[in-house]
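Descriptive analysis of the structure
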Amino acid sequence: MTGLWVALVTLALGTVIGVVFLRRNGRVRDTGSTQDRLSAGDLGVGLGERATLVQFSTAFCQPCRATRRILADVSELVPGVSHIEIDAESRLDLVRRLDVMRTPTVLVLDAAGNIVKRASGQPRKADVLAALAAAVPAS
């Protein structure tokens, strides 16, 4: 009987962890810190005029491809927003500094390079557009 209880508890715990993971996947959230800032030197290219979408990817990451398309669409749709994709394997310095734990990870930067929003996993296009509203000053 004890083995049955252990199996049921393990199954319940696994289910809870899976539900939490799925609910957080791709969700755009505040960074909680105003200290994080990226410069053109950190990224290897210039920042967007109004905002920058930074995507950390790896070569065999399927959600990274879909995220690339979403962010490219958004950067074409919103004037002054650029999209930069960074190979996480070749930029371990930034991965460690920014605590990137999985790919894709998307950072939304304001015009000064301050990280205002962050998403781990594939974000929805509508969520990226909403996150840009926090980064792009009203014109």
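Described in the following lines is the structure provided in the data block. All of these numbers come straight from a predicted model, not from anything done at the bench. (Residues numbered from 1 in each chain as written. Predicted model: local features only at pLDDT ≥ 70, side-chain atom pairs only at ≥ 80, totals over all residues. Heavy atoms only, no water.)

A grouping of Leu4, Trp5 and Leu8 is seen on the molecular surface, where their side chains present a nonpolar patch of about 340 Å² in accessible area. Within the secondary structure, Trp5 sits in helix H1 (residues 2-24). Look at Trp5 and you get exposed, because its relative accessible area is 54%. (Patch = residues over 30% accessible without salt bridge, like charges linked within 9 Å, V, L, I, M, F, W, Y side chains within 5 Å. Areas by Shrake-Rupley, 256 points an atom, 1.4 Å probe, with all protein chains shown as cover. Salt bridge = Lys/Arg side-chain N within 4 Å of Asp/Glu carboxyl O. Helix = DSSP H or I, 4+ residues; strand = E, 2+ residues; numbered from the N terminus. Buried < 20%, exposed > 50% of the residue type's maximum accessible area, 1.4 Å probe, protein only.)

Bringing the pairing of strand E2 (residues 51-57) into the picture now. Burial runs high along E2: seven of the seven residues are buried. Of the two faces of E2, the one lined by Ala51, Leu53, Gln55 and Ser57 and the one lined by Thr52, Val54 and Phe56 are each fully buried. Note: E2 against strand E3 (residues 81-87), seven bridges, orientation parallel. In the sheet register, Ser57 faces E3, and the bridge partner there is Asp87. Since E2 and E3 lie parallel, the crossover through helix H3 (residues 62-77) that links them has a hand, and here it is right-handed. Relative to strand E4 (residues 105-110), E2 runs antiparallel, the two being bridged by six bridges. Its bridge partner being in E4, Val54 is matched across the sheet by Leu107. (Pairing = 2+ DSSP bridges. Right-handed = clockwise from strand over helix to strand, strands pointing away.)

Our focus in this paragraph is the side chain of Thr103. One can find Thr103 in the loop between helix H4 (92-97) and E4. Reaching out from Thr103, the side chain makes a polar contact with the side chain of Thr58 at a distance of 3.1 Å. Ignoring any residue separated from it by four or fewer positions in sequence, one finds Thr103 in contact with Phe56, Ser57, Thr58, Cys61, Cys64 and Ala88. (Polar contact = N/O pair within 3.5 Å; in protein donor to acceptor, adjacent residues only side chain to side chain. Contact = heavy atoms within 4.5 Å.)

Going through the model one piece at a time under the given rule, you end up with four salt bridges. Between Asp93 and Arg91 there is a salt bridge, and its shortest N-O distance comes to 3.1 Å. Note that Asp127 and Arg124 form a salt bridge whose closest N and O atoms lie 3.0 Å from each other.

Looking now at the nonpolar core. Counting residues in hydrophobic clusters, the biggest one holds 15 residues, and the most contacted among them are Ala51, Leu53, Val74, Val81, Val108, Val128 and Leu132. Elements represented by at least two residues in this core include exactly E2, H3, E4 and helix H5 (125-135). Setting aside residues up to four positions removed in sequence, Val108 forms contacts with Thr52, Leu53, Asn114, Ile115, Val116, Lys117, Ala131, Leu132 and Ala135. Core analysis: the second largest hydrophobic core is formed by 14 residues, Val54, Ala88, Val100 and Ile115 among them. (Core = buried A, V, L, I, M, F, W, Y, C linked by side-chain atoms within 4.5 Å.)

Here we come to the state of the cysteines. Inspection of every chain in the model, using the stated rule, returns one disulfide. What pairs with Cys61 in a disulfide is Cys64, and their sulfur atoms sit 2.2 Å apart. Taking the torsion about the sulfur-sulfur bond, which here is approximately 85°, the covalent link between Cys61 and Cys64 counts as right-handed. This pair shows no difference in class: Cys61 is buried, exactly as Cys64 is. (Disulfide = S-S within 2.5 Å.)

This part covers H5. Among the residues of H5, those classed as buried are Val128, Ala131, Leu132 and Ala135. Seen along its axis, H5 keeps its buried residues to an arc of 105°; they face one direction. H5 presents Ala133 and Ala134 as exposed residues on the side facing more than 90 degrees away from its buried surface. (Arc of directions from axis to C-beta.)

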